[in-house]
Amino acid sequence: MKRTLVTCTLVLLSLTSACLSGRTTQTNNPTSSRENPASRTEQEQNQELQNQLSQIASTAKGHVGVVAVVLETGETVSLNPHDHFPMQSVYKLPIGMAVMKQVDAGKITLEQKVLVTKRDFVRIGQHSPIRDKNPNGAEISVSDLLRYAISESDGTASDVLMRLAGGPGAIQSYLTELKITDMIVLNSEREIGQNWQTQYRSWAAPEAAVALLRALYERRGLSESSQALVLKYMTESTPGGKRLKGLLPAGTIVAHKTGTSGTQNGITAATNDIGIITLPNGRHLAIAVFVSDSPADEATREGVIARIAKAAWEKLETE
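Colleague: I keep staring at the overall build of the chain and nothing clicks. Help me out?
Modeller: Counting secondary structure elements, the chain contains twelve helices and ten strands. Across the 319 residues that make up the chain, the buried fraction comes to 54%. Expressed as a percentage of contacts within the chain between residues at least 6 apart in sequence, the contacts between residues at least 24 apart total 69%. When the accessible surface of the chain is summed, it comes to about 13,900 Å², and 50% of that surface belongs to carbon and sulfur atoms.

As structure tokens, this is what we get:
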């Protein structure tokens, strides 16, 4: 237990140490550009990065959305930031955050045991270590359900947590409280697994995904301990090692949540990763990359996410 608390504290300190020292960089102000030649150079560099992201995205031959923001400065680059993309398991992050709000309110405890039965299992083919390890069901603590859902992207755990939080409507109300629009949580993992088109009903715009990451970073609506636990589980997340983290230096702290669909008729509906990357200068890059409706193979799709993250890292780490 002491080791877990130390880990939570280290992750929290790394991800939030600069939270109170932020400033906003204005990169789209024509007046500033006229008055300061350096601003013109900065805008040119931003345009170069924008062009680079577009070129990288084109290799997916699908629909790609990106938003990357240095949280302390506001420096931003984006590609199709307002378009709608199927979230798949990315939506486990707002579900987990909504549950933690209930924990903070005293309505749920992390130690509370929840009965998970066969009726809760997502279908074979959908990822669920809980189902695979406990074919007859089990009692699992809320803390472990969160770990399964966020760190291992377990679909069964996500559905149980959604029910515990009050259903999709409660998750949506939570997002509304955070003033996050353009993010819809509508269906369970079981429902998504039963019909290909259902996954498109739970969608997000990249801009909204980054807004959620900012809310987590700024600890809006969450206690310090709840924020630390969510960030810990995101940092320990095992799926998607070749996505946001794929081309970044070894040891880089990346608190992230992936989302992945199946493939039908050669088209993969969703290959996603969103997260908060700690930069070498101590600042934090919130980034969301969604690759939708792509005929490319997995290596190409994941490579697009990795190359976009690396490009943003190289440009924004020194801003």
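Picking up where we left off.
Colleague: Quick question: what am I supposed to make of the pattern of salt bridges here?
Modeller: Oppositely charged side chains may form a pair once their charged atoms are brought near each other. By the definition in use, this model includes twelve salt bridges. In this structure, Lys 92 engages Glu 189 in a salt bridge whose closest nitrogen and oxygen atoms are separated by 3.1 Å. Pair noted here: Lys 92 is in helix H4 (residues 92-104) and Glu 189 is in helix H9 (residues 189-194), with a separation of 97 residues, a long-range link. Residue classification places Glu 189 among the buried residues on the basis of a relative accessible area of 5%. Residues Glu 152 and Arg 147 are paired through a salt bridge, measuring 3.0 Å at the closest nitrogen-oxygen approach. Overlapping salt bridges bring together Asp 144, Arg 147 and Glu 152 as one network.

Colleague: Would you mind going over the packing of aromatic side chains with me for this structure?
Modeller: Working definition: an aromatic ring pair is given by the centre-to-centre distance plus the angle between the planes. Enumeration over the complete set of coordinates arrives at one aromatic pair. A ring pair is formed by Phe 85 and Phe 290, whose centres lie 5.7 Å apart and whose planes are at 25°; its orientation type is stacked. With Phe 85 in strand E3 (residues 85-86) and Phe 290 in strand E10 (residues 284-294), this residue pair connects regions lying 205 residues apart in the sequence. Residue Phe 85 is classed as buried on the basis of its relative accessible area of 1%. Here Arg 147 stacks its cationic end above the ring of Tyr 148, 4.6 Å away from the centre of that ring.

Colleague: Before we go on, may I ask you to explain unusual backbone geometry in this structure?
Modeller: Of note, the phi angle at Gln 88 is positive, near 50°, even though the residue is not glycine. Structurally, Gln 88 is set in the loop between E3 and H4. With phi around 60°, Arg 219 is a residue other than glycine that occupies positive phi space. Positionally, Arg 219 belongs in the loop between helix H10 (206-217) and helix H11 (224-235). The exposure class assigned to Arg 219 is partly exposed, which follows from its relative accessible area of 38%.

Colleague: How should the packing of H4 against H10 be read in this particular structure?
Modeller: Interaxial distance between H4 and H10 falls to 11 Å at its minimum, and their mutual angle equals 30°. By the angle class used here, H4 and H10 are roughly parallel. Relative to H10, H4 is oriented so that their crossing is left-handed. Residue-level inspection shows Leu 93, Pro 94 and Met 97 of H4 in contact with H10, the latter providing Leu 212, Leu 213 and Leu 216. For the contact of H4 with H10, the residue count by class is six nonpolar, no polar and no charged.

Colleague: Would you mind showing me how to read the pairing of E10 here?
Modeller: Two faces belong to every sheet, and in a regular strand the side chains alternate between them. Where burial is concerned, most of E10 is hidden: ten out of the eleven residues are buried. Sheet topology note: the strand E1 (residues 63-70)/E10 ladder contains eight bridges and is antiparallel. Across the sheet, the residue bridging to Val 66 is Val 289, located in E10. Looking at chain direction, strand E9 (residues 267-278) and E10 are connected through ten bridges and run antiparallel. By the bridge assignment for E10, Ile 277 is matched with Leu 285. Count of turn residues in the E9/E10 antiparallel hairpin: five residues, of which Gly 282 carries a positive phi of about 90°.

Colleague: Explanation requested: H4 in the structure shown.
Modeller: Here H4 contains 13 residues, and its C-alpha end-to-end distance of 18 Å stays within 8% of the 18 Å for a straight helix at 1.5 Å per residue. Taken across its 13 residues, H4 has eleven buried, putting it largely inside the fold. Of all the positions in H4, only Lys 92, Leu 93, Pro 94, Ile 95, Gly 96, Met 97, Ala 98, Val 99, Met 100, Gln 102 and Val 103 are classed as buried.

Colleague: Please explain the side chain of Ser 89 as it appears in this structure.
Modeller: Along the chain, Ser 89 turns up in the loop between E3 and H4. Polar side-chain contacts of Ser 89 include one of 2.8 Å to the side chain of Lys 92. There is a polar contact of 3.4 Å between the side chain of Ser 89 and the side chain of Glu 189. Ignoring any residue separated from it by four or fewer positions in sequence, one finds Ser 89 in contact with Ser 153, Glu 189, Lys 257, Thr 258, Gly 259 and Thr 260.

Basis of the calculations
- Residues numbered from 1 in each chain as written.
- Predicted model: local features only at pLDDT ≥ 70, side-chain atom pairs only at ≥ 80, totals over all residues.
- Heavy atoms only, no water.
- Helix = DSSP H or I, 4+ residues; strand = E, 2+ residues; numbered from the N terminus.
- Buried < 20%, exposed > 50% of the residue type's maximum accessible area, 1.4 Å probe, protein only.
- Contact = heavy atoms within 4.5 Å.
- Areas by Shrake-Rupley, 256 points an atom, 1.4 Å probe, with all protein chains shown as cover.
- Salt bridge = Lys/Arg side-chain N within 4 Å of Asp/Glu carboxyl O.
- Phe/Tyr/Trp six-rings, centres within 6.5 Å; stacked < 30°, edge-to-face > 60°.
- Lys NZ or Arg CZ within 6 Å of the ring centre and 35° of its normal.
- Axes fitted to C-alpha atoms, helices over the stretch in contact; angles between N-to-C directions.
- Parallel < 35°, antiparallel > 145°, perpendicular 65-115°, else oblique.
- Left-handed = near helix turned anticlockwise from the far one by under 90°.
- Nonpolar A, V, L, I, M, F, W, Y, C, P; charged D, E, K, R; others polar.
- Pairing = 2+ DSSP bridges.
- Expected span 1.5 Å × (residues − 1).
- Polar contact = N/O pair within 3.5 Å; in protein donor to acceptor, adjacent residues only side chain to side chain.

Read these as geometric descriptors, not functional statements.
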